[in-house]
Structure formats: C-alpha cells, structure tokens
Amino acid sequence: MNEIKPQLHYSLLSHNTFGIQAHADCFIQYTSVEQLLQAIACYREHYAGRPLLHIGGGSNLLFMQDFPGVILHSAIEGVELLAQEEERVLVRVGAGMNWDSWVEYSLSQGWYGLENLSLIPGEVGASAVQNIGAYGAEAAQFIRKVECVDLSDGSLRTFDVEECDYGYRHSVFKTLHRGRYAVTHVQFALSLRFSPNLSYHGLTSALQESGKTEANLTAQDIRETVIAVRRQKLPDPQVQGNAGSFFMNPVVPVSLYNRLKESHATIPCYRVDDDNVKIPAAWLIEQCGWKGRSLGKAAVHARQPLVLVNAGGASGKDIMELCRCVQADVRERFGIALQPEVMILSNFCI
Ligand code: EPU
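Because the structure is predicted, anything quoted here is derived from the model rather than measured.

1. Digging into the sheet that holds strand β19 (residues 307-310)
Pairing in this open sheet of four strands is antiparallel, and the strands run β13-β19-β18-β17 from one edge to the other. Each end of this open sheet is capped by a strand with a single partner; those strands are β13 (242-245) and β17 (294-295). Against the sheet, helix α8 (residues 316-334) touches β17, β18 (298-300) and β19, its axis set at about 35° to β18.

Given below as structure tokens:
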C-alpha cells in the first residue's frame, strides 16, 4: 500500500469552485480505505483537537478564513457492477469519482436514471451527502447503500438508503451525523430500460424547442439538453467563481403563500405536500432588485439570481456580505428567511 502524503499549508484555491484563496494547515488526499485509515491516524497523532473536514469537489463550500486543521479528500475511483437483474443493475462507485463522469459512464453502459442529473459539479461521495438534485430527479432515488468510515474511530459502516433520511438537499450526513462519516463508496440501482423523467417543466420545454418528442427521445437527448440548459443558465466556475445555488428554495406553509399571493399575484410555487409549497428563491431575489447587481467583489448572477458569484478576487467575507444583504431584503419584503445551501466554513474553535 502506498503511504499517504500530507501536504502542509496547502492552498485550497483549486478545491473550491468559488475561487476563494484560503489555506489548510494540512491536506490529505487518499485513494483507498486503507489510506483513509492512515490519514485518520495521522490526524489523531498530530492534529488531535483541531478541526477535521472532509471535502468533495468543493462546489458547495465557502471558506471564510484559513482552515486551522486537516482537510481530507477522497480520490477513490472505480465502478464495480455488483448485480444485474432483468431490469436493473446495482453498481458500486468510488466516492472520489467526478459526478458527471459517473453519469456519462452509466449512460454509456446502458444504465439509465441519472441523465437528468448531468453536469452537476462535484463528486460521487458528496452526491450522497447533499442529495444533489436537478430537473425533477434526486440522487436519493437511485442510491441504495452508502459505505462510510467513521472518522471518530476508523470503523466501517454501511447505511441503507432508508437510514440516510433523504429529503430536499438533506441527509443524515448533514444533520445527525454531520462531520462524522467519510463516504468511501456509493451503491446505485439503475434501470436497464430507459423511461424518461419529464416531470420538470423547464426540461420539457427545452426538449420541445430542440424538436424532440417523447416518442423518439433517448437518455442521451436528455443529457445533452440538461447540459445545454445548465450551460445557458449557470455560470461556469472556471470563468466566474461560484458554488451553484447559494440558497435553498424556501419551503413555506400554503397559508403564507396564499397571503403573499394577495399582494404578489405572479408569485410562483411548486407543491411539496398538502401543507407546504416551495417558492423559487430566484424569484424572491429578483423581486428585491438583486438580479445582476453587485456589492464590492461579489455579485448576484444576471441569469440565475440564486447563484452568487465571485466577481474577481472576492474573499469569503465579501460573498457573505452580499448573502446577508439579499437575505435581509427578502426577509423584509416577503417575511421569508432564505437559508444558504452552501456550507459556510467559519469560526473554527481550536
Ligand atoms: N426564476 C426567476 N428569475 C430568474 C430565474 C428563475 O424568477 O432569473 C424563477 C422562475 O419562477 C423559475 C424558477 O425560479 O421558474 C425556477 O428556476 P430554475 O428552473 O432555474 O431552478 P431553481 O429552482 O432556481 C433548482 C436547483 C438547481 C437546479 C434547478 C433545476 C435549488 C436550490 N436549486 O434551481 O440546483 O439546477 O432547480 O432543477 O434547489 C444547485 O443546487 O447548485 C443547482 C443549480
């Protein structure tokens, strides 16, 4: 087994899509469960009591300051077919694999389901933590098991999907077990028969515009359309630092929505259940006049106001200042508290 190579005073610039300059005291990338156990031992021996953070592709993080501890990153790759039935496959994927490479590979094998989740930034491990979602699909629909290492004692634990408590951008790994487990592998059940998921209006209209009808639709058509829509709406982090949606879409009681509708007739919503609806944060932010506006080195994206961007050389504090202004205006005008979807890393106690 190769030894891990801890890197000291490590620049996190290429590990956060916001493009924020911050350093970690120590950064350890590992390629196997054995190496992860070595990394945990290294942390215990040299950094006990200091912060420990496991990151994925860094597409959902905002560093407010340098990180005074150890950052772990998985480079566990590999796709393993565990079982094949008449209509579906069960596949085990390394947590360090790039998410979109996995989606592309799955489709090339004739394994269907993930096409609506094309081009989401990040890695496979984070998909199981965040329950990434887009265009009417969520990772949790396809996840069967999540294999983890307990960072507190190095023991292995596999979670069945039912134990993960998945919801909208939610899982047990973000709440009850926050920071405790490192995902090493995710097991997905995918279909051998393509059945298009056309539940998201924005996707069906884009397919229609490109002349695709349900009768001749392929999974590749969906993938290409999702990629085109994402490229058109969302800024490329290589060009302009960002972490995708900065805020979650707020889920509010129907009663509040009905009250708001009296004064804002066009307010859109999506039904969550009998009692709650989801209101697009993008709409709320646009109504407050923030679409395309900047504050110092941070800006609200002009095509998708849910996305905050680094307009050049912004610090974590610059982005947070903009975040707070947007939140304050939305709260004042609509009485709704926008919650960041992005993980904000600040106030480390050592
Ligand atoms: N809207 C506006 N103004 C705009 C843009 C959008 O008012 O300039 C309103 C419209 O009412 C529109 C609605 O927002 O119908 C929804 O917009 P969109 O379809 O672009 O999706 P979203 O709700 O803003 C969510 C996810 C995205 C995901 C898309 C597509 C969250 C927090 N965001 O955005 O996820 O790609 O749906 O499914 O749920 C991410 O998490 O990083 C991400 C990009």
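Next comes the rest of the write-up.
2. Re the packing of aromatic side chains
Evaluation of the coordinates by the stated rule reveals twelve aromatic pairs. Look at W102 and F188: their rings are 5.3 Å apart centre to centre, the planes differ by 40°, and that puts the pair in the tilted class. In this pair, W102 is assigned in helix α2 (residues 99-108) and F188 in strand β12 (residues 181-191), connecting sequence segments 86 residues apart. We classify W102 as buried; its relative accessible area is 0%. Look at Y105 and W111: their rings are 6.0 Å apart centre to centre, the planes differ by 75°, and that puts the pair in the edge-to-face class. Joined through ring pairs, the aromatic side chains of W99, W102, Y105, W111 and F188 make up one cluster. Over the ring of Y168 we find K278, and its NZ or CZ is 3.5 Å from the ring centre. Sitting over the ring of W290, R293 keeps its end group 3.9 Å from the ring centre.

3. So, the domain arrangement of the protein
When its domains are assigned, the protein resolves into domain 1 (7-74), domain 2 (79-233) and domain 3 (242-345). The centre of domain 1, based on its C-alpha atoms, is set 30 Å off from the matching centre of domain 3. Between domain 1 and domain 3, the residue contacts involve twelve residues of the former and 17 residues of the latter. Here domain 1 and domain 3 share an interface that buries about 1,300 Å² over both sides, 62% of which is from carbon and sulfur atoms. When the buried surface of domain 1 facing domain 3 is broken down by residue, F18, L62 and M64 rank first, second and third, together holding 52% of it. Where domain 1 meets domain 3, there are zero salt bridges. For the side of domain 1 that touches domain 3, the element with the most residues is strand β4 (residues 61-63), which contributes three residues. Of the residues that constitute the side of domain 1 that touches domain 3, the class distribution is seven nonpolar, five polar and no charged.

4. Structural notes on the side chain of H185
Locating H185 in the fold gives a position in strand β12. Classification of H185 as buried rests on a relative accessible area of 10%. At a separation of 3.2 Å, a polar atom in the side chain of H185 contacts the side chain of T184. The residues contacting H185, other than those within four sequence positions of it, are V33, I76, R92, V93, G94, A95, K145, V146 and E147.

5. Here we look at the pairing of strand β11 (residues 156-160)
Pairing between strand β10 (residues 143-150) and β11: five bridges, direction antiparallel. Residue pairing across strands places V149 opposite L156, the latter belonging to β11. Hairpin connection from β10 to β11: five residues lie between these consecutive antiparallel strands, with G154 at a positive phi of about 75°.

6. A few points about the nonpolar core
W99, W102, I143, V146, Y166, F173 and F188 are the most contacted members of the largest nonpolar core, which totals 44 residues. Where this core is concerned, the elements lending two or more residues are β7 (88-94), α2, α3 (124-130), β10, β12, α4 (201-209) and α5 (219-233). Considering every element that reaches this core, the biggest residue donor is β12, with five residues. In contact with F188, other than residues within four places in its own chain, are V89, L90, V91, V93, W99, W102, V124, S127, F142, I143 and R144. In this structure, V277, C288, L338 and V342 belong to the second largest nonpolar core, which totals 36 residues.

7. Some words on the pattern of salt bridges
Two side chains with opposite charge may pair up if their charged atoms get near one another. This structure, assessed with the given rule, holds 13 salt bridges. In this structure, E80 engages R92 in a salt bridge whose closest nitrogen and oxygen atoms are separated by 3.2 Å. Of this pair, E80 sits in strand β6 (residues 79-84) while R92 sits in strand β7, placing them twelve residues apart in sequence. On the basis of relative accessible area, R92 is assigned to the partly exposed category, the value being 21%. When salt bridges with common partners are traced through the structure, they connect E80, R92 and E147 into a single cluster.

8. Observations regarding α2
Taken as a whole, α2 has its buried residues at W99, D100, W102, V103, S106 and L107. Buried positions in α2, seen along its axis, are confined to an arc of 155° and lie on one side of it. Contact partners of the buried residues in α2: β6, β7, α3, β12 and α5. One side-chain oxygen at the N-terminal end of α2 lies 3.0 Å from the backbone nitrogen of D100; it belongs to N98. A positive phi of about 80° marks G110, the residue just after α2.

Criteria and cut-off values
- Residues numbered from 1 in each chain as written.
- Predicted model: local features only at pLDDT ≥ 70, side-chain atom pairs only at ≥ 80, totals over all residues.
- Heavy atoms only, no water.
- Pairing = 2+ DSSP bridges.
- Helix = DSSP H or I, 4+ residues; strand = E, 2+ residues; numbered from the N terminus.
- Contact = heavy atoms within 4.5 Å.
- Axes fitted to C-alpha atoms, helices over the stretch in contact; angles between N-to-C directions.
- Phe/Tyr/Trp six-rings, centres within 6.5 Å; stacked < 30°, edge-to-face > 60°.
- Buried < 20%, exposed > 50% of the residue type's maximum accessible area, 1.4 Å probe, protein only.
- Lys NZ or Arg CZ within 6 Å of the ring centre and 35° of its normal.
- Domains from an automatic or database assignment.
- Buried area = accessible area lost by both parts, 1.4 Å probe.
- Salt bridge = Lys/Arg side-chain N within 4 Å of Asp/Glu carboxyl O.
- Nonpolar A, V, L, I, M, F, W, Y, C, P; charged D, E, K, R; others polar.
- Polar contact = N/O pair within 3.5 Å; in protein donor to acceptor, adjacent residues only side chain to side chain.
- Core = buried A, V, L, I, M, F, W, Y, C linked by side-chain atoms within 4.5 Å.
- Arc of directions from axis to C-beta.

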